[in-house]
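Read off the chains here:
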Amino acid sequence: IYNGADDNGSGSSVVLSLAEAFSRNKTKPRRSIIFILFSGEEKGLLGSKYYVSEPTFPLSEIVADVNLDMVGRSDSEHQASGETDYVYVIGSDKISLEYDRLLRESNDASVNLQLDYTYNREDDTNRYYYRSDHYSFAKHGVPSVFLFTGLHDDYHQPTDTIEKIDFQKLTKVARLTFSFLWRVANLEHRLKKDAEMP
């Protein structure tokens, strides 16, 4: 049995928690927020590709996208250093520098995680930017970010189980994402784009 606690029970649980938090908040943001869980990512982004081909709202009305995939653990490099208070940020500056600035401001105002841009580099051989569901939106010029905490020995193994989840870290990623979504959803303007599609 592949329990998939981190991949991607962690990201899915944050999405559900955020949906609950926004729905219970008596103060509503200026813009609507759509909470979606996609399937088929590892078969070629099937769910997100389908959504952008048949969107609930026109893509031209979608201001931004946040993707949460594997956000409940720390990778071996950070485990070894003991610096586990981080999240990898991928893609936030590729279409809109304002989007990246809002993420940094949200982090400073909330949980102050280390924002690690290692996998955001164009020369990164993993090419994570092109391999997860946010890319289906980015391909259409929607400012997108992928929040991720890295691979570990239990990736795609039956040993990816819930007792290995770092719930304190998972909560920090959720709080950062809430703060970030709140800022983006309350902008008086659409995000300024510096590029249409990287």
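Everything numeric here is computed off the predicted structure, so don't read it as measured data. (Residues numbered from 1 in each chain as written. Predicted model: local features only at pLDDT ≥ 70, side-chain atom pairs only at ≥ 80, totals over all residues. Heavy atoms only, no water.)

What the rule picks out here adds up to 18 aromatic pairs. When the ring of Phe22 is compared with that of Trp182, the centres are 6.0 Å apart and the planes differ by 25 degrees; the resulting orientation is stacked. In this pair, Phe22 is assigned in helix α1 (residues 5-24) and Trp182 in helix α6 (residues 167-185), connecting sequence segments 160 residues apart. The class for Trp182 is partly exposed, based on a relative accessible area of 25%. Within the aromatic cluster, the residues linked to one another by ring pairs are Tyr86, Tyr88, Tyr119, Tyr128, Phe146 and Phe148. Note that Lys94 overlies the ring of Tyr129, its terminal NZ or CZ placed 5.3 Å from the centroid. (Phe/Tyr/Trp six-rings, centres within 6.5 Å; stacked < 30°, edge-to-face > 60°. Helix = DSSP H or I, 4+ residues; strand = E, 2+ residues; numbered from the N terminus. Buried < 20%, exposed > 50% of the residue type's maximum accessible area, 1.4 Å probe, protein only. Lys NZ or Arg CZ within 6 Å of the ring centre and 35° of its normal.)

We now examine the side chain of His152. Within the secondary structure, His152 sits in the loop between β4 (144-148) and α6. By relative accessible area, His152 is classed as buried at 11%. A polar atom in the side chain of His152 sits 2.8 Å from the side chain of Asp6. When near neighbours in sequence (up to four residues on either side) are disregarded, His152 contacts Asp6, Met70, Arg73, Ser74 and Asp160. (Polar contact = N/O pair within 3.5 Å; in protein donor to acceptor, adjacent residues only side chain to side chain. Contact = heavy atoms within 4.5 Å.)

Function cannot be read off these values alone, since they describe shape.
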